[in-house]
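# Working through the structure, step by step
Single-letter residue listing:
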Amino acid sequence: MKTSLLAFDDGNGDALNLRGFVDSLDENAELIELDAHVCFIQSTLSVSELSDRFLQFAGSRLFFVTDVTSSEFAGRMPGVYWDFIKSRSLESAAE
């Protein structure tokens with residue numbers, strides 16, 4: 001699993017179906033929302049594949065996707081965030 005960061009603007013104001021987007025990805029894909037316009041995605045898909053799939057949901061929104069899998073990370077975030085980020089990292093290291 002790779003971890004990617006997705007950031008997008010509010011576009012035309014229509015509700016964005018993030019659940020539908022995640023459901024369109026691979027079987028074990030997950031998403032954690034940081035706020036209304038930023039989220040982390042865990043998926044086996046590449047950045048370009050994620051971008052292509054998000055384009056179908058984006059409407060008029062501008063968006064940015066980047067792979068942060070191998071980046072070092074630190075900071076002050078809620079426990080649920082660290083559970084989401086570290087669970088896959090530790091799982092991959094054990095394989």
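Look up a bit, the structure's there.
Let me begin by describing the structure that accompanies this report.

### Some remarks on the pattern of salt bridges
- What the rule picks out here adds up to one salt bridge.
- Between Asp 23 and Arg 19 there is a salt bridge whose closest N-O contact spans 3.2 Å. Of the two residues, Asp 23 and Arg 19 are both situated in helix H1 (residues 18-23); the distance of four residues between them amounts to about one turn of the helix.
- In this structure Arg 19 comes out as exposed when scored by relative accessible area, which is 52%.

### Regarding the nonpolar core
- Ranked by internal contacts, the top residues of the largest apolar core, which has 14 residues, are Leu 6, Phe 8, Phe 21, Leu 25, Ile 41, Leu 50 and Phe 54.
- When residues of this core are traced back to their parent elements, those giving at least two are strand S1 (2-8), H1, strand S3 (38-43) and helix H2 (47-58).
- Judged by nonpolar contacts, the second largest core, of six residues, contains Ile 32, Tyr 81, Trp 82 and Phe 84.

### Points about the packing of aromatic side chains
- Using the criterion set out here, one finds four aromatic pairs in the structure.
- Each ring, one from Phe 8 and one from Phe 54, has its centre 5.6 Å from the other, and the planes form 40°; the classification is tilted. Of this pair, Phe 8 sits in strand S1 while Phe 54 sits in helix H2; the two residues are 46 residues apart in sequence, bridging distant segments of the chain. Summarising the burial analysis for this pair, Phe 8 and Phe 54 share the class buried.
- The exposure class of Phe 54 is buried, given its relative accessible area of 0%.
- Members of the aromatic cluster, each reached through a chain of ring pairs, are Phe 8, Phe 21, Phe 54, Phe 57 and Phe 63.

Calculation notes
Sequence order sets the numbering: in each chain, residues are counted from 1 along the sequence as written. Where local features are concerned, this predicted model is filtered to residues with pLDDT of at least 70; where side-chain atom pairs are given and counted, the filter is 80 or more; whole-chain, interface and lining totals use all residues. Each side-chain value is derived from all of the structure's non-hydrogen atoms; neither hydrogens nor water enter the calculation. Note on definitions: salt bridges are taken to be side-chain nitrogens of Lys or Arg within 4 Å of carboxyl oxygens of Asp or Glu. A helix here means a DSSP run of H or I that spans at least four residues, while a strand means a run of E at least two residues long, and both kinds are numbered starting from the N terminus. Each residue's exposure class comes from its accessible area (1.4 Å probe, protein chains only) as a fraction of the maximum for that residue type: buried when under 20%, exposed when over 50%, partly exposed otherwise. Nonpolar cores are built from buried Ala, Val, Leu, Ile, Met, Phe, Trp, Tyr and Cys residues. Side-chain atoms within 4.5 Å join them into one set. Planes of paired rings set the category: under 30 degrees apart is stacked, over 60 is edge-to-face and the rest tilted, where pairs are Phe, Tyr or Trp rings (Trp by its six-membered ring) whose centres lie within 6.5 Å.

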